[in-house]
Amino acid sequence: MAAELETLDEERIQYIVVKIGSEQYGLDISVVDNIVRMQKITRVPKAPSYYPGVINLRGEVVPVMSARLKMGLDEDEITKNTRIIILRLELQGLVGILVDEVKEVITLGESEIDRSNQSSQNKDATYINGIGKSGDSLVSIFDINAIIDEVAV
Amino acid sequence: MDVSQYLDIFIDETNEHIQALSDNIMALEQEPENKDTINEIFRAAHSLKGMAGTMGFKRMQHLTHDMENVFSEVRNDTVKVDSNLIDILFKCLDAVEGYLENVKATSDEGTEDNAALIKMLNDVLEGNGGDSPAADSSDAGGSEAEAQESDSAEGSDDPNGKNHFLALKLDEESIGKLRGAVEDEGLKLYGMTVHIQKECLLKAARAFLVFKALEDYGEILVYDPSSQDIEDEKFDLGFSVIFASNSDDTEAIKTSVLAVSEIESVDLALVSVEQYEKAAEEAKAEPEHKVEPVAAPAAAAPASPAPAPAAKSAAPAAAKKTANKPVTTRTVRVDLEKLDALMNQVSELIIAKNSLVSISSADNGSGNLDTQSWQSQIEYLERITTNLHESVMKVRMVPIENTVNKFPRMIRDLSRKLGKPMNLVMTGEETELDRTVVDQLGDPLQHLLRNSADHGIESPEERKAAGKPEEGTIFLNAFQEGNNVIIQVGDDGGGINTEKVKEKAVERGIVSPEEAENLTQKEIIDFLFMPSFSMAKTVTDISGRGVGLDVVKSNIEALGGNVEVKSTLGQGSTFTVRLPLTLAIIQALMVEIRDEKYAIALGSIQNIEDISIDEIKYVEAKEVIHLRGNVIPIVRLDQLLDFEPQDEEPSNLTVVVVKKGDLQAGLVVDNLIGQQEIVIKSLGKVIDNNKIISGATILGDGEVAMIIDVNALM
């Protein structure tokens, strides 16, 4: 495991932990611009199905993606905990991701992330590039480029 | 001398002069006798050379100098304009452009001497004798000489005479300057009279180079005539200066001045302040002599060569050249009228704001607002913001002229290269478009024109056989249509042979022979826009590598426009480029479909109809309506936009009839909301692959509405 290779002074990255379905996912905080409450999403005809539409974020039109639909889960259930995480990406600009709940912010070093499961049979494994441990729960780390990039080409 | 600060101006103006030369040489070819054109050319060449000289670009100066000589002979009717000469001149222009490119890239002119071109120019000159009379400024110089009559015993009164510098009359200020240089800095004073050859055409430029050479030795304190007059070429064949230097080497100074071409002789001698003082006293009654005030007082300018006066003389020279040029549009140049309009509207805006403030404060406490005046003020405000938007847009708009005015030259070159006589007719060059669009329009249009010249126009023999005039015509028409600008590029050539295109498509395996049979003409022509689909039998350097139309299409689409082709075999083809007038804000009709709001650009809407369901007819199983003699296909927006079908179809439909060129379509909507000014926002890159929706806008209540791209529906 990586822990033996890097012990001291390793880079520690903060992740925002969100709940999607029954699982917890981590998003690198450096790409997160903002977290907003659920608001009216305007449908964009002919957009990919996992893009429910766009929102008005302080005068900018920002596309919003459903992480659930993207990963092949059931459609989003909008509750009072539903949030839209706004990512600011170099290539794609602002993109929102719909999540069920925002839990906390954790800090993980590379040694605390298990990178070995990439070849897992798990269906959404292509969108995650590691599993971190936070307390006794597991957090799948999103591969931002994989989850967003696909349509941006 | 540091000229880098003038580099931008130089590049800008050189571009303008090159363009002016190109235009005028084209015109000259048509009317070789037109004096105005020749004069215009001469002026442009002269300016070009002056600027190159000022900037120290010797090679460029040399070339333009020789060009100018040729123009001068043309002006004097000693050289006849023929197409051979025009060719040479165009080649020279290309070379000058080459220099300019180098200057842009490296701030240096490069090392290409273009000796061959210069030789060609000189051959032209020699073939016709090089006797050029002195320029017309001799009169001015003469009268000035008379004005300077004096009774001084030493030297000659004639400014062209030998040792004229000894006869200079100086005012106290100049004498003070001379004294300062001698006493405070211990410099030596030299008087110099320079005689320029009779044949010299650009005396001012020579003078300037002399001054430049002298700057290496010291500072010029006194000019005669004044430096302004010298710059304006208001002197005959000689001028005098007094300069201060710490050098003893009179020979070296003399040699470096004589190194300037077309200088006949130089008189140089040491002078003293006293002799001028004496002369000044003697000639007190004489009118005061004009002397150029030097920017820096002598005390402040030590022995180093003085850049200040040099820079000073360069700057007005550049400024002068701008002044007599017609206003052309570049990065920062905005027509003053447009700015004035903008300013007016801003002041109106302030008035409107004040009215609103006064209404709301008048009602302070009472609680009942004067709704009527409130309403009218809101309307007023609305009108102002609309106008304001228009004005700001106009500031961004530039005529396509700058982009298209290089095309006549290009077609001429192509015509000679291909051996096909052809003529470019352009209309609507004044049509304005957003600056960003205009800048990127050049390449696609150039492709289309080349395409017309190479593929469109047939050989003269073929044209003759087809009963057409031997000279082919290529046209470029630009005009505005609603919110679009249309640019048509076409020719009266052979048109697109769809059969051949079809064969080629089959040959390339794009379609099977069976499929090919059922293709419409439009579908066949669309093949031409496919990457690396070239119809040229041989690859020429003009077109035919198959990188062309597909690039045109993608370029135009990147600008939010589209390209269409109409072609009639034997009669020519026309490419129609449609571009959006503006990129940011448009007037739109807001419509409702179920519970969603959509915007349709007002510019593409023709009219709105209320149609009974019975009026819908079917043509080829497609819904159409018959409206005032037109058959218009119906587009069910709800189906197109993936809405659930309505349980019960209403008996009347609201149809928004939209047009794109000659095409029409009726869009069925549920409800009309009204007209509104909307700001176009991008949907973001991740869902940008959407053809029907061209963008989104944010409504007054914060809601987002999609903008329907009418062009994509047809």
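Predicted model, so just to flag it, every value in this text is computed and none were measured.

**Overview of the overall build of chain A**
Argument step 1. Scanning chain A from terminus to terminus reveals three helices and 11 strands.
Argument step 2. Along chain A, helices (α) and strands (β) appear in the sequence α-β-β-β-β-β-α-β-β-β-β-β-β-α when read from the amino end.

**Here we look at the overall build of chain B**
Argument step 1. The helix and strand inventory of chain B stands at 25 helices and 22 strands.
Argument step 2. In chain B, once contacts between residues fewer than 6 apart in sequence are set aside, the share between residues at least 24 apart is 72%.
Argument step 3. In the structure as shown, chain B presents an accessible area of about 34,200 Å², 50% of it carried by carbon and sulfur atoms.

**Quick notes on the pairing of strand β16 (residues 622–627) of chain B**
Residues and elements named next belong to chain B.
Argument step 1. The sheet contact formed by strand β15 (residues 617–619) and β16 spans three bridges and is antiparallel. Counterpart to tyrosine 618 in the pairing with β16 is glutamate 623.
Argument step 2. Counted between consecutive antiparallel strands, the loop separating β15 from β16 contains two residues, among which glutamate 620 sits at a positive phi close to 50°.
Argument step 3. Alignment of β16 against strand β17 (residues 630–636), held across four bridges, turns out to be antiparallel. Bridging across to β17, leucine 627 finds its partner in asparagine 630.

**Let's talk about the pattern of salt bridges**
Argument step 1. Taken as a whole and assessed by the stated rule, the structure comprises 24 salt bridges over all chains.
Argument step 2. Where Lys40(A) meets Glu703(B), a salt bridge forms, and the shortest distance between an N and an O atom there is 4.0 Å. Within this pair, whereas Lys40(A) is found in the loop between β3 (32–37) and β4 (53–57), its partner Glu703(B) is found in the loop between β21 (693–698) and β22 (704–708), the two belonging to separate chains.
Argument step 3. Beyond isolated ion pairs, a larger network of salt bridges with shared partners links Glu29(B), Asp87(B), Asp94(B), Arg409(B), Arg412(B), Asp413(B) and Arg416(B).

**Some remarks on the interface of chain A and chain B**
Argument step 1. Chain A puts 22 residues into the contact, and the matching count from chain B is 22 residues.
Argument step 2. Between Arg43(A) and Glu596(B) there is a salt bridge whose closest N-O contact spans 2.9 Å.
Argument step 3. The interface formed by chain A and chain B includes six residue pairs in polar contact (both at pLDDT 80 or more).
Argument step 4. When contributions to the side of chain A that touches chain B are tallied by element, the ones reaching two or more residues are β4, β5 (60–66) and α3 (144–152) of chain A.
Argument step 5. Of the residues in the side of chain A that touches chain B, the class split is 14 nonpolar, four polar and four charged.

**Considerations on the sheet that holds β4(A)**
Residues and elements named next belong to chain A.
Argument step 1. With mixed pairing, the five strands of this open sheet are ordered in space as β3-β6-β7-β5-β4. Edge positions in the open sheet fall to β3 and β4, since each of these has one partner strand only. When strand polarity is set aside, the average angle formed by the axes of neighbouring strands in this sheet is 35°.
Argument step 2. Where β3 lies against strand β6 (residues 83–89), five bridges are found, and the strand directions are antiparallel. Residue valine 36 lies in a different strand from β6, and its bridge partner there is isoleucine 84.

**Things to note about the packing of helix α1 (residues 7–30) of chain B against helix α16 (residues 407–418) of chain B**
Helix packing geometry: the angle between the two helix axes and the distance between the axes.
All names here are of chain B.
Argument step 1. Here α1 crosses α16 at 50°, and the two axes come no closer than 9 Å. Taken together, the axis directions place α1 and α16 in an arrangement best described as oblique. Judged by the twist between their axes, the crossing of α1 over α16 is left-handed. Contact residues: α1 offers Ser22, Met26 and Glu29, while α16 offers Pro408, Arg409 and Arg412.
Argument step 2. Its residues assigned to classes, the contact of α1 with α16 shows two nonpolar, one polar and three charged.

**Here we look at the side chain of Ser66(A)**
Residues and elements named next belong to chain A.
Argument step 1. Residue placement: serine 66 occurs in strand β5.
Argument step 2. What makes serine 66 buried here is its relative accessible area of 0%.
Argument step 3. Of the polar contacts made by the side chain of serine 66, one reaches the side chain of aspartate 76; its length is 2.6 Å.
Argument step 4. Look past the residues within four positions of serine 66 in its chain and what remains in contact with it is Tyr50, Pro52, Asp76 and Leu98.

**Observations concerning the packing of aromatic side chains**
All names here are of chain B.
Argument step 1. Counted according to the given criterion, the structure contains four aromatic pairs over all chains.
Argument step 2. Plain terms: the ring middles of tyrosine 190 and phenylalanine 243 are 5.4 Å apart, the flat faces sit at 20° to each other, and that makes the pair stacked. You can see tyrosine 190 sitting in strand β1 (residues 188–196) and its partner phenylalanine 243 sitting in strand β3 (residues 238–245), a full 53 residues away along the chain. Accessibility classification places tyrosine 190 together with phenylalanine 243 in one group, the buried group.

**Describing the nonpolar core**
Argument step 1. In this structure, Leu87(A), Phe142(A) and Ile148(A) are the most contacted members of the largest nonpolar core, which totals 55 residues.
Argument step 2. In contact with Ile148(A), not counting residues within four places along its chain, are Met65(A), Leu87(A), Leu89(A), Gln92(A), Val95(A), Ile97(A) and Val686(B).
Argument step 3. If you look at the next biggest cluster of nonpolar residues, it comprises 47 residues, including Phe407(B), Ala478(B), Val501(B) and Ile524(B).

**Details of the environment of Gly110(B)**
Argument step 1. Mapping Gly110(B) onto the fold places it in the loop between α4 (83–106) and α5 (115–126).
Argument step 2. Taking the C-alpha atoms as reference points, Gly110(B) and Tyr99(B), 11 residues apart in sequence, are found 6.7 Å from one another.

**Focus on the sheet that holds strand β14 (residues 605–612) of chain B**
Residue and element names in this part refer to chain B.
Argument step 1. On the basis of which strands lie adjacent, the open sheet formed by six strands has the order β14-β18-β19-β17-β16-β15 and mixed pairing. Looking along the sheet, the strands with just one partner apiece sit at the ends: β14 and β15. Across this sheet, the average inter-strand angle for adjacent strands is 40°, counted without regard to direction.
Argument step 2. Direction of pairing for β17 relative to strand β19 (residues 663–669): parallel, over a ladder of three bridges.

**Focus: helix α8 (residues 203–215) of chain B**
Residue and element names in this part refer to chain B.
Argument step 1. The end-to-end C-alpha distance of α8 is 18 Å, a good match for the 18 Å that 13 residues give at a rise of 1.5 Å each.
Argument step 2. In terms of residue burial, α8 counts as a mostly covered element, since 12 of its 13 residues are buried.
Argument step 3. Among the residues of α8, Lys203, Ala204, Ala205, Arg206, Ala207, Phe208, Leu209, Val210, Phe211, Ala213, Leu214 and Glu215 are the ones counted as buried.

**Considering the packing of helix α3 (residues 58–75) of chain B against α4(B)**
All names here are of chain B.
Argument step 1. Relative to each other, α3 and α4 sit at 155°, their axes nearing to 10 Å. With respect to α4, the axis of α3 lies roughly antiparallel. When you trace α3 past α4, the crossing you get is left-handed. Seen from α3, the contacting residues are Arg59, Met60, Leu63, Thr64, Met67, Val70, Phe71 and Val74; seen from α4, they are Leu85, Leu89, Cys92, Leu93, Ala95, Val96 and Tyr99.
Argument step 2. In the contact of α3 with α4, the residues fall into 13 nonpolar, one polar and one charged.

**Notes on unusual backbone geometry**
Residue and element names in this part refer to chain B.
Argument step 1. The phi dihedral of arginine 594 falls on the positive side, at around 50°, and the residue is not glycine.
Argument step 2. Topologically, arginine 594 is positioned in the loop between β12 (585–593) and β13 (596–601).
Argument step 3. One non-glycine residue, glutamate 620, adopts positive backbone phi at about 50°.
Argument step 4. Tracing the sequence through the fold places glutamate 620 in the loop between β15 and β16.

**Comments concerning the confidence of the model for chain B**
All names here are of chain B.
Argument step 1. Looking at chain B, the pLDDT average stands at 76 and 82% of residues meet or exceed 70.
Argument step 2. Highest mean pLDDT in chain B belongs to β13 (92); lowest belongs to helix α6 (residues 138–147) (38).
Argument step 3. Under a pLDDT of 50 for its full length, residues 286–330 has, in the predicted model, 74 contacts with residues more than four places off or in other chains.
Argument step 4. For residues 538–547, every residue scores under 50 in pLDDT, and the model assigns this stretch 23 contacts once sequence neighbours within four places are set aside.

**A few points about the environment of Phe243(B)**
Residue and element names in this part refer to chain B.
Argument step 1. When its relative accessible area of 0% is taken as the criterion, phenylalanine 243 is described as buried.
Argument step 2. Separated by 26 residues in the primary sequence, phenylalanine 243 and tyrosine 217 have C-alpha atoms spaced 8.9 Å apart.
Argument step 3. Excluding anything up to four places from it in sequence, phenylalanine 243 contacts Lys188, Leu189, Tyr190, Met192, Leu214, Tyr217, Glu219, Ile220, Leu221, Ile253 and Leu268.

Calculation criteria
Residues numbered from 1 in each chain as written. Chains lettered and ligands numbered in written order. Predicted model: local features only at pLDDT ≥ 70, side-chain atom pairs only at ≥ 80, totals over all residues. Heavy atoms only, no water. Helix = DSSP H or I, 4+ residues; strand = E, 2+ residues; numbered from the N terminus. Contact = heavy atoms within 4.5 Å. Areas by Shrake-Rupley, 256 points an atom, 1.4 Å probe, with all protein chains shown as cover. Pairing = 2+ DSSP bridges. Salt bridge = Lys/Arg side-chain N within 4 Å of Asp/Glu carboxyl O. Polar contact = N/O pair within 3.5 Å; in protein donor to acceptor, adjacent residues only side chain to side chain. Nonpolar A, V, L, I, M, F, W, Y, C, P; charged D, E, K, R; others polar. Axes fitted to C-alpha atoms, helices over the stretch in contact; angles between N-to-C directions. Parallel < 35°, antiparallel > 145°, perpendicular 65-115°, else oblique. Left-handed = near helix turned anticlockwise from the far one by under 90°. Buried < 20%, exposed > 50% of the residue type's maximum accessible area, 1.4 Å probe, protein only. Phe/Tyr/Trp six-rings, centres within 6.5 Å; stacked < 30°, edge-to-face > 60°. Core = buried A, V, L, I, M, F, W, Y, C linked by side-chain atoms within 4.5 Å. Expected span 1.5 Å × (residues − 1). pLDDT = per-residue confidence, 0-100.

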